[in-house]
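If you want the building blocks of each chain, they are given just below.
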Amino acid sequence: QQQVKQSPQSLIVQKGGISIINCAYENTAFDYFPWYQQFPGKGPALLIAIRPDVSEKKEGRFTISFNKSAKQFSLHIMDSQPGDSATYFCAASRSGAGSYQLTFGKGTKLSVIP
Amino acid sequence: NAGVTQTPKFQVLKTGQSMTLQCAQDMNHEYMSWYRQDPGMGLRLIHYSVGAGITDQGEVPNGYNVSRSTTEDFPLRLLSAAPSQTSVYFCASSLRAMNTEAFFGQGTRLTVV
C-alpha cells in the first residue's frame, strides 16, 4: 500500500517558469511533511518541510502548500532555474511511539531548460 | 564536518556472497536508518535504529541485517546477495526518531551479478 502518492513522475519547465509537484497521503496521523531534493550521484537533502498547523510555508523560491482536508500537499518552485534540475521527493511521518518511519513518494525528476 | 559517511561508494558482488555496507555519523544523532533506492520506486526503508542497541525492521528488511553497537555506526549486512538486491543504498541519520531533518550519506551503488 503506497501511503504517499507523488505526481508527476517527470516534469520539464522552462527557465523562469513555475514548477509544481503534488503529493497525496492516506494516513491522517501524518503530521510532518518534508520535501527532499536529490542531485545525480548524491544523497537526498532536506529542502523544506511543513506541519499541518499551517497551510503554506515559503523559503525563498520554494513554497509548500498544504490542504489538510484533501490530504494533499504540493511544492511550488517559482522562477525555476537550470540549477533546480534534480529529483524531488515528498515524504511524510507521524509522531507517537512506534512511528519511526519516514515514508517517501516515488519522486519527480525535474528538468529546467534554458 | 563529515556528516554521514558511507563506504564503499561502489561494489560488485557475485550471487551468494555476503558483505557489509558501512555507515558512520559524527553528529551524535539518535536515529539512523538504511534505505534502498530503485528506479521509479522512491526510497524504501530497510532497517532503522532509535539508539545504540535498538534496531527494528522497515518496509523491505528481508535479506539484510543490522546492528547498532555505538551511536556513530550503523552497518548494513547482506547475508547472501541476490540480483534483486542490486540498488543504491543510502544511510541517513537524524537528531531524534521523529519529525526532524534526515541527513543522508552519498550512497553505495551495489550490483549483484
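Everything below is about the structure printed above this text.
Residues numbered from 1 in each chain as written. Chains lettered and ligands numbered in written order. Predicted model: local features only at pLDDT ≥ 70, side-chain atom pairs only at ≥ 80, totals over all residues. Heavy atoms only, no water.

Draft legend 1. Looking closely at the pairing of strand 5 (residues 42-51) of chain B. Residue and element names in this part refer to chain B. Where burial is concerned, most of strand 5 is hidden: 10 out of the 10 residues are buried. Relative to strand 5, strand 4 (residues 31-38) runs antiparallel, the two being bridged by seven bridges. Paired with Ser 33 across the two strands is Tyr 48, which belongs to strand 5. Here strand 4 folds back onto strand 5, and the loop between the two strands holds three residues, one of which, Gly 40, carries a positive phi near 75°. Relative to strand 6 (residues 54-57), strand 5 runs antiparallel, the two sharing three bridges. (Buried < 20%, exposed > 50% of the residue type's maximum accessible area, 1.4 Å probe, protein only. Helix = DSSP H or I, 4+ residues; strand = E, 2+ residues; numbered from the N terminus. Pairing = 2+ DSSP bridges.)

Draft legend 2. The interface of chain B and chain A, seen in detail. Across the boundary between the two partners, chain B contributes 22 residues, which contact 22 residues of chain A. Interface area lost by chain B to chain A is led by Leu 43, Met 98 and Asn 99 of chain B, which between them contribute 32%. Seen at the junction of chain B and chain A, the total is zero salt bridges. Inspection of the region where chain B meets chain A yields three residue pairs in polar contact (both at pLDDT 80 or more). Residues of the side of chain B that touches chain A, tallied by class, amount to 12 nonpolar, nine polar and one charged. (Contact = heavy atoms within 4.5 Å. Buried area = accessible area lost by both parts, 1.4 Å probe. Salt bridge = Lys/Arg side-chain N within 4 Å of Asp/Glu carboxyl O. Polar contact = N/O pair within 3.5 Å; in protein donor to acceptor, adjacent residues only side chain to side chain. Nonpolar A, V, L, I, M, F, W, Y, C, P; charged D, E, K, R; others polar.)

Draft legend 3. A look at the pairing of strand 3 (residues 19-25) of chain A. Residues and elements named next belong to chain A. Residues Ser 19, Ile 21, Cys 23 and Tyr 25 line the buried face of strand 3, whereas the alternating positions Ile 20, Asn 22 and Ala 24 sit on a face that is not buried. In this sheet, strand 3 lies alongside strand 1 (residues 4-7) in antiparallel orientation, the contact comprising four bridges. Looking across to strand 3, one finds that Gln 6 is bridged to Cys 23.

Draft legend 4. Geometry of the nonpolar core. Ranked by size, the top nonpolar core spans 24 residues in total, and within it Phe 33, Trp 35, Phe 73, Leu 75, Tyr 88 and Leu 110 of chain A carry the most contacts. Going through the elements one at a time, strand 2 (10-14), strand 3, strand 4 (33-38), strand 5 (45-50), strand 7 (62-67), strand 8 (72-77), strand 9 (86-92) and strand 11 (108-113) of chain A are the ones with two or more residues in this core. (Core = buried A, V, L, I, M, F, W, Y, C linked by side-chain atoms within 4.5 Å.)

Draft legend 5. Seen up close, the pattern of salt bridges. Residues and elements named next belong to chain B. Tallied over the full model, the rule gives four salt bridges over all chains. A salt bridge links Asp 38 to Arg 44; its shortest N-O distance comes to 2.9 Å. A single salt-bridge network, built from bridges that share partners, covers Arg 36, Asp 38 and Arg 44.

Draft legend 6. How the structure looks around the state of the cysteines. Considering all chains together, one arrives at two disulfides over all chains under this definition. The disulfide partner of Cys 23 of chain A is Cys 90 of chain A, and the S-S distance across this bridge is 1.8 Å. Judged by the torsion about the S-S bond (-95°), the Cys 23 of chain A/Cys 90 of chain A disulfide is left-handed. Placement of the pair is Cys 23 of chain A in strand 3 and Cys 90 of chain A in strand 9, with a sequence separation of 67 residues. As far as the burial class goes, Cys 23 of chain A and Cys 90 of chain A line up, both buried. Shown here is the disulfide that connects Cys 23 of chain B with Cys 91 of chain B, its sulfur atoms set 1.9 Å apart. The S-S bond linking Cys 23 of chain B to Cys 91 of chain B shows a torsion near -70°; that makes this disulfide left-handed. You can see Cys 23 of chain B sitting in strand 3 (residues 19-25) and its partner Cys 91 of chain B sitting in strand 9 (residues 87-94), a full 68 residues away along the chain. (Disulfide = S-S within 2.5 Å.)

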